[in-house]
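Single-letter residue listing:
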Amino acid sequence: AKCANVQPPQPPPFEVPLPSLQTQVDTHGAGQTHHDYPLYVLPTNKFHARLKFLFLSGCLVSLYCDVYFTSTLPTYTGLFSKLLTPTTLNTVYDTITITIPETIIEYLPVLKSTINIDITPMLIAHAVYTIFMLWMIWSYKEAWSPSNDWENPSVVGKRRLKMRTDSLRWFTSPSSARSYACSISLSPPELTKDSVIDLDGDWMFQLFNDPEEAKLRVSTGLIGNNKEWTNITVPSNWQLSRPDLGDIPIYTNVKYPFPPTPPYVPKENPTGVYRKTFRLPASWKVTDGEEDVTVLFHGVSSAFYAFCNGSFVGYSQDSCLPVEFDLSGVLGRKNNRKKGKEREVTIEVVCIRWSDGSYLEDQDHWWLSGIHRKVEIIRKRKGQDIVDVRTQTDASGLVIVNVDVKPGSITRGVNVKMYQDIMTDTKGGYTKGPEVWRGETEYHDVNGVGGTVQIQGFVNKPALWTAETPTCYTIVVCTTDEKGNVLQAEGCRVGFKTVEITKKGVLTLNSEPIVVAGVNRHDHDPDTGKAITIDRFIEDITILKQSNFNAIRTCHYPNSTEFYRLCDYYGMYLCDEANIEVHGMQPMGKLVADPAWTEAFASRITRMCERDRNHASVIIWSLGNESGRGVGLTVARERLRAIDPSRPIMYESGGHLIQGSGRTELTDIICPMYAPVADTLELGTRVDEDRPVILCEFTHAMGNSNGNLNLYWDLFWDPDKPRIQGGWIWDMVDQGLRTKDKGTGREYWAYGGDFGEEIHDAQFCINGLYFPDRSPHPAVRETKYLQQPVQFTAHGEGGKIGGTGKEPLEMSIKVKNRYSFASLDHLEMSYTVTCDTSETELASGKGIALKDFVNITAARVTAASLLDQEVVPSKVWVNVRATLKHAATWAPKGHVIASEQFEVALNLDEVPSDHASRQSPSVFRKLTMGTLTGARTGLVSSGNPEADVVVVDGNNTVSIDIDHVKGSVVIDKKTGGLVSLQTPGKKPVLAEGGALYNVVRAATDNDRGGAQMLMDFVLPPPAVKAVGTIVGTDLFSHQYHWEENGLSAGAPPSQVCTDIKIDESTLKDGVGNFVEVKSAGVIKTASGKDVFTTRTFTRVHRNGDVQLRCTLTAKNFTKGLKSLPRVGLQLALDPSLFNVAYLGRGDVENYPDRISCTEVGIDRTTAGDMHIPYIVPGENGGREGCSWVSFTDKDGSGILIKSSSDANFSFSAGLFSTTELHNAGHTYDLPVRKNGSDVVYVNVNAALMGIGGDCSWLPCVYDDFLVDPKKAYSFDLWLCPLGAGQSDLLQAKRAP
């Protein structure tokens, strides 16, 4: 070990010169230039702001008056000599000629180089201006009063102790420090009872509307013990824990919740006063001056004053970082001594909801207030001189431990030991490992100013930390007195790793490229808001790990210390983001470019690093989010780099159209926000770039979303595009708050506006992959599949069945390990063989080792065995799984990590007939339903040439009675649609509404997203429409165009029959095969406009089957319509038919642009279970690639729907109509319905638009997934009634 005496402290890197107002060259090789700072920045001090405003406005008034008027008063020159100095003033006859400097002409090009001035009107103008100036001074007289701390950006804290790493607990026992390092909790009682008092729990609380009053009452003791006190839980947000007090949660995405006039905040400013009284143990010697005591607040929003026993101890801003205040001076006073062995201490907190810090915390989340993280009292004994322990390791085995000591320390011994301990759980359990390194030295504070002791060494071939192999070591640092007695012991966990960006622009960890499978995660609990428990942290990390996520961006603020410890333990890459976002400021970079705010920005960034730098999981620092570019972040970046040069720095400054798309001089990583696939590809292949491309936000998970995600992952996994390295999905959790509807009493997830707030951004907080209770959206399955670290592909010819009929199914599968570090030894493979005619697996295997190539042999699956099935399959699949061989810290044994499905090539026609007792499929498919005697057991007159068919042509309907069953099939002449259909057991199939064409869908959030939505924030609807007329509506939403064309589900178009004919010629004296009803019609909008023509051929067969041949042709649509919502049928089915079975892509909701994860097979569910309860209801529950679907009652009676061609269809089913879903804003807007009691609504689609997902504020469905409104659509469907006890599998296969 290297021994070193203490060195005087180096001044922090705060003396960074402000960049000049000039063009700077991109230092990252992009060849671009960046104009970073505006010519003029309005200062934030009120007084100076008003004066400068008055001066500039006076200049402009004078100049423009003087340009347009002339006069004969040649002597009035004083104003201009002051205003335009240096200028040349020449008296020529009766005018004044002024030469304007070029610097002024450059910014006011309306001026000429010389101006002839008429003085008389100018004097009048100046007189008016003087009156205006006096009015301004009177109006803003309060500008001369000093600013409050919470309205002064230069005051970010008072009496705050220097930020330190988060592991210090001032132990006296090395074993306690070692055990503490292996725990997750900040203050486990069994370890910290002698040094920490946990103040979590009940506090007294009062809520004021004025911070001044609250602060005054506390500081003067006037608040007393009055009856206004109530109780509150700490940690919590008072808007949620005490809603009875009247302050409400507010959600905004971009907007500030009050008029933005930085640094000022509303006068009515909810302010909570907290009080907690406790007793110091008798063993704490603070009153004797031998020990120090501090109070540590881990998170308070947004600004607060702290008092101890009535004395002010500190002030701080930054809602998401700890702050520590010294109480020793207060507790050591004689008036704090109490009789007995213990002393009573009262901590009071004045917590202010709105502060100038709020301008930096506009973070697309709920505005909530209070003490939302832990509060602790820390004891520091005499002789405990360590104030910080900073570690640095790398993949070579280098260890550097920097121990900061406080001023005035005497000679001490310092020793460091490193152990290879293994944490066994999150409760503090661990297995002690061997000591792998030690170092020691002495220090003496020669100058009495404190300093740093550095000890360094090497560990031979350490196990490296990665998200795949999260190996950490325990470091214990001790100081000793001259006798070797331990005075202070501190422990922390560290990981050996090196993060670098190569010269080729690739982000590497331990010299290996990584792919970021990430998600943005807000601190959010539906009941407690920003007060998050360890159990919730564990749940979040484990469900993400189980879905193959390996990275989290802590949007947009640092999380609690426990979260970082858990990420170290479980293995999760962190982009640690500073508590900064100024999204609602106009212009966005206004504050960051103002030097008055520099410290406010920089302190949040440097303090984050000073707390979190020891954590192995942190691989990237982020300067914040969407705050523009300017001096504040330039200074902050330089300070951050000086503190920690070992990690790259990332920052997206405000969006593609505003602040440079994450490709500025402030970021080491190109990190665009919502870049489409094409833009991502362009950024990742630019020859003038040498930075990795990692999307800081992409695929906006708002409601039914995340389409097109596979296109991104095609890029991320492409070895030929090494600089494109993944991204963080926006975001993890729907940020709904659990509440109840006052009208119905039903529980629901609330979003912006639901608490009566006037300023809000509605449901834009509802954009997670998981519901607020952490149940997954269907899109989680898609992300898991696309991110899976094992890739399976068919090798060679793939699987095949045929030959002589005896050969077993054989298949070779190529296995690719996509992990960056881990082998596949912890996984094993299993497989199943399935087919399209049976729900029983044909074969299976498990416990197969994963090698480069895996050969599968399913001895039971041969051509002969398939031909011996009751119904011969036409498709067979091999379904492969990679599962955990043993339980992991984050998932149980058998958890599926990767999956794939392969279709097997069938060649049964060539199998010799003596190897099969049944006919081959090609022969089987040539048979028609009418000649399959006995195949439809229980069906009316199936194959019976003597059955009666009677056609009744009424005034309003065409009724076809089969085998004396009246109304077996009924067609409405007004619409041309089916209104009645019966099963062989005479049970009704259709409910009111029947079966009609459907060309609408309940809008999703992505459907509503468009430029007009953005304009709705600032313009009335007529103005929005006018803008669209002038500049075009290409960027307006799909829903906007659907409404414009009468295709909104809120007012759906109607089906009208214009002609109907009945053809009975095929009956041949009553014993033919079918009756055909031919109808023509139109689909009319609610306003009466024809938008489709229709032709429908309805064939009713003797056995009750109905064949529909449908054609729709669009007409009269506006030019801007890019896509139809859908083309198909909607059926209203009898409530009893709620059981659903289908052959198609399942068993999870899927859509045309979100099907990668799905596997084709037979699935059974119910109509109620198919509904996905998105917080904002809309289109949901889809299933793509279906050959057939059945809806049956408890006895199996019902209807089977099947395509009569090779083309598949998609469908959805539920208990709500399209219009009901479309009009609902919340789940409570939908009536309570149950399977078996309510109508089943079914959509069968020949074409369905994708759902999109790149963003939710512009149309985002890719062209391949649009439904062309200029195209004619034709489709054929069979509606086959099922009798009780009939097999839908059998009937599906035998139907044509």
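Our structure's up above, just so we're on the same page.
Residues numbered from 1 in each chain as written. Predicted model: local features only at pLDDT ≥ 70, side-chain atom pairs only at ≥ 80, totals over all residues. Heavy atoms only, no water.

Student: I would appreciate a short explanation of the packing of aromatic side chains in the present structure.
Tutor: For the structure shown, the criterion picks out 37 aromatic pairs. Residues Phe-1036 and Tyr-1040 carry aromatic rings whose centres are separated by 4.8 Å and whose planes lie at 80° to one another, so their mutual orientation is edge-to-face. Each member of the pair, Phe-1036 together with Tyr-1040, is buried. For the pair Tyr-1142 and Phe-1211, a centre-to-centre distance of 5.4 Å together with 65° between the ring planes defines the contact as edge-to-face. Taken as a pair, Tyr-1142 in strand 61 (residues 1139-1146) and Phe-1211 in strand 66 (residues 1209-1214) lie far apart in primary sequence, 69 residues in all. Each member of the pair Tyr-1142 and Phe-1211 is classed as buried. Put simply, the rings of Tyr-256, Phe-258, Trp-354, Tyr-359, Trp-367 and Trp-597 touch in pairs and so form one group of aromatic residues. Geometry around Tyr-419 places Arg-178 over its ring, the cationic atom sitting 3.7 Å from the centre. The ring of Trp-717 has Arg-818 lying over it, and the distance from NZ or CZ to the ring centre is 4.3 Å. (Phe/Tyr/Trp six-rings, centres within 6.5 Å; stacked < 30°, edge-to-face > 60°. Buried < 20%, exposed > 50% of the residue type's maximum accessible area, 1.4 Å probe, protein only. Helix = DSSP H or I, 4+ residues; strand = E, 2+ residues; numbered from the N terminus. Lys NZ or Arg CZ within 6 Å of the ring centre and 35° of its normal.)

Student: Is there a simple way to explain the pairing of strand 51 (residues 949-953) in this structure?
Tutor: Where strand 51 lies against strand 52 (residues 957-962), five bridges are found, and the strand directions are antiparallel. What sits directly across from Val-949, in strand 52, is Ile-962. (Pairing = 2+ DSSP bridges.)

Student: Looking at this structure, I do not really get the environment of Gly-1198. What am I missing?
Tutor: Here Gly-1198 lies in strand 65 (residues 1198-1203). Through-space distance from the C-alpha of Gly-1198 to that of Asp-1134 is 9.0 Å; in sequence the pair is 64 residues apart. When neighbours within four sequence positions are excluded, Gly-1198 is seen to be in contact with Thr-983, Val-989, Leu-1137, Phe-1191, Thr-1192, Cys-1280, Pro-1281 and Leu-1282. (Contact = heavy atoms within 4.5 Å.)

Student: I would appreciate a short explanation of the packing of helix 10 (residues 534-546) against helix 11 (residues 561-570) in the present structure.
Tutor: Two measures define how a pair of helices packs: the angle their axes make with one another and the distance between the axes. In contact at an axis separation of 10 Å, helix 10 and helix 11 are set at 35° when each is read in the N-to-C sense. For the pair helix 10 and helix 11, the sense of crossing is right-handed. Counted together, Ile-534, Phe-537, Ile-538, Ile-541, Thr-542 and Lys-545 of helix 10 and Glu-562, Phe-563, Leu-566, Cys-567 and Tyr-570 of helix 11 form the full contact between these two elements. Looking at the contact of helix 10 with helix 11 residue by residue, the class counts come to eight nonpolar, one polar and two charged. (Axes fitted to C-alpha atoms, helices over the stretch in contact; angles between N-to-C directions. Left-handed = near helix turned anticlockwise from the far one by under 90°. Nonpolar A, V, L, I, M, F, W, Y, C, P; charged D, E, K, R; others polar.)

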